[in-house]
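# Descriptive analysis of the structure
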Amino acid sequence: MGWIPCLEFELEKGFVYREHHHSPGYYDGRYWTMWKLPMFGCTDSAQVLKELEECKKAYPNAFIRIIGFDNRRQVQCISFIASKPAGL
């Protein structure tokens, strides 16, 4: 598919939520912090897993998700939680 992997992390809730919903369609928690830069040129899933482990080591209490980004259409195509904090 040619998607570019990218890792993001969230230290608080780990999901999209509504806290400050004064306007319609506004959701908190949509944007997570990016771990490094998107992995342009990555062709090996082992590279993604290595970065996942490094992110977990740096932020052990974070939710971490992996994103598949289509740089031609400039859209996120897939996203899933790859790691949750221990005890959740």
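Residues numbered from 1 in each chain as written. Predicted model: local features only at pLDDT ≥ 70, side-chain atom pairs only at ≥ 80, totals over all residues. Heavy atoms only, no water.

With respect to the helices and strands, the residue glutamine 74 is situated in the loop between strand S3 (63–70) and strand S4 (75–83). A distance of 2.5 Å separates a polar side-chain atom of glutamine 74 from the backbone oxygen of asparagine 71. (Helix = DSSP H or I, 4+ residues; strand = E, 2+ residues; numbered from the N terminus. Polar contact = N/O pair within 3.5 Å; in protein donor to acceptor, adjacent residues only side chain to side chain.)

So, on to the pattern of salt bridges. With the rule as written, the count across this model stands at 6 salt bridges. Between lysine 36 and glutamate 54 there is a salt bridge whose closest N-O contact spans 3.1 Å. With lysine 36 in the loop between strand S2 (33–35) and helix H1 (45–58) and glutamate 54 in helix H1, this residue pair connects regions lying 18 residues apart in the sequence. Between arginine 73 and aspartate 70 there is a salt bridge, with the nearest N and O atoms lying 3.1 Å from each other. Here arginine 73 falls in the exposed class, since its relative accessible area comes to 56%. Each of the salt bridges in this network shares a partner with another, and the network as a whole consists of Lys36, Lys50, Glu51 and Glu54. (Salt bridge = Lys/Arg side-chain N within 4 Å of Asp/Glu carboxyl O. Buried < 20%, exposed > 50% of the residue type's maximum accessible area, 1.4 Å probe, protein only.)

Before going further, it helps to examine the nonpolar core. Residues Leu7, Phe9, Trp35, Met39, Cys42, Val48, Leu52, Cys55, Ala62, Ile64 and Ile66 constitute the largest nonpolar core, which totals 11 residues. Looking at this core, the elements with two or more residues in it are strand S1 (4–10), H1 and S3. For this core, the element with the most residues is H1, which contributes 3 residues. Apart from the residues within four sequence positions on either side, leucine 52 is in contact with Leu7, Ile64, Ala82 and Ser83. (Core = buried A, V, L, I, M, F, W, Y, C linked by side-chain atoms within 4.5 Å. Contact = heavy atoms within 4.5 Å.)

Attention shifts here to the pairing of S3. Counted residue by residue, S3 has 7 buried out of 8 residues, so it is predominantly covered. Relative to S3, S1 runs antiparallel, the two being bridged by 7 bridges. Paired with isoleucine 4 across the strands is phenylalanine 69, a residue of S3. Sheet topology note: the S3/S4 ladder contains 7 bridges and is antiparallel. Bridging from a neighbouring strand, isoleucine 67 pairs with serine 79 of S4. Hairpin connection of S3 to S4: 4 residues between the antiparallel strands, including glutamine 74 at a positive phi of 60°. (Pairing = 2+ DSSP bridges.)

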